[in-house]
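If you want the building blocks of each chain, they are given just below.
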Amino acid sequence: MIMVLGGAAAPWGPELASAVLEKIIEVSGTQPWNLGELTRLAGERVDPALYGEAERLSPEPPVQEVAALLRFRYDMVKELS
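Along each chain, the written sequence defines residue order, and numbers are assigned to residues from 1. Local features are withheld for residues below a pLDDT of 70 in this predicted model, meaning they are given only at 70 or higher, and side-chain atom pairs are given and counted only at 80 or more; totals for whole chains, interfaces and linings count all residues. Calculation of side-chain values draws on the structure's entire complement of heavy atoms; hydrogens and water are dropped beforehand.

What follows deals with the nonpolar core. Among the buried residues, those of types Ala, Val, Leu, Ile, Met, Phe, Trp, Tyr and Cys that are joined through side-chain atoms within 4.5 Å form a nonpolar core. Relative accessibility decides the category of a residue: with a 1.4 Å probe and only protein chains considered, values under 20% of the type maximum give buried, values over 50% give exposed, and everything between is partly exposed. If you look at the biggest cluster of nonpolar residues, it comprises 19 residues, and the most contacted ones within it are Val20, Ile24 and Val46. Helix numbering and strand numbering both begin at the N terminus, where a helix is a DSSP run of H or I of at least 4 residues and a strand a DSSP run of E of at least 2. Among the elements of the structure, α2 (14-27), α3 (32-45), α4 (51-57) and α5 (61-80) are those that each provide at least two residues to this core. For this core, the leading source of residues is α2, giving 5 residues. Note on definitions: a residue-residue contact is assigned when non-hydrogen atoms from the two residues lie within 4.5 Å. Every residue in contact with Ile24, bar those within four places of it in the chain, is listed here: Leu35, Leu38, Thr39, Ala42, Pro62, Val63 and Val66.

Turning our attention to the pattern of salt bridges. Put simply, a salt bridge is a Lys or Arg side-chain nitrogen that is within 4 Å of an Asp or Glu carboxyl oxygen. Scanning the entire structure with this criterion turns up 4 salt bridges. Across the pair Arg40 and Glu37 runs a salt bridge, and its minimum N-O distance is 2.5 Å. With a gap of 3 residues between them, Arg40 and Glu37 both fall in helix α3, about one helical turn apart. Take Glu37: its relative accessible area is 28%, and that puts it in the partly exposed class. Measuring nitrogen to oxygen at the nearest pair gives 2.8 Å for the salt bridge that ties Arg40 to Glu44. With a gap of 4 residues between them, Arg40 and Glu44 both fall in helix α3, about one helical turn apart. Overlapping salt bridges bring together Glu37, Arg40 and Glu44 as one network.

This part covers α2. Between its first and last C-alpha, α2 extends 20 Å over 14 residues, near the 20 Å set by a 1.5 Å rise per residue. Listing the buried residues of α2 in full gives Ala17, Val20, Leu21, Ile24 and Val27. All buried residues of α2 fall inside an arc of 130 degrees around its axis, so they share one side. On the buried face of α2, the contacting elements are α1 (2-7), α3, α4 and α5. In this analysis, the expected span of each helix is defined as 1.5 Å times one less than the number of residues it contains. Note that the arc is computed from the directions linking the helix axis to the C-beta atoms.

Between Ala10 and Pro11 the backbone carries a cis peptide bond, its omega angle lying at 0 degrees. Mapped onto the elements of the fold, Pro11 is located in the loop between α1 and α2.

In structure tokens, the structure reads:
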């Protein structure tokens, strides 16, 4: 799955972002070896404007880490525009 996601063009839209965030929740307790790579990819490739969706999705720390990175990217893009 991670190899497929790595080849998906960025930015990821709402449907793919939501699916990946749900997968992060799913694997957070069962597959810690995949968790780091999934959160990194999501933080880099999800459309930064979707940070609010990530924030509201789950209080789980990996999802909140992605949300914080997306918020940072969103604020950075806004500042540079």
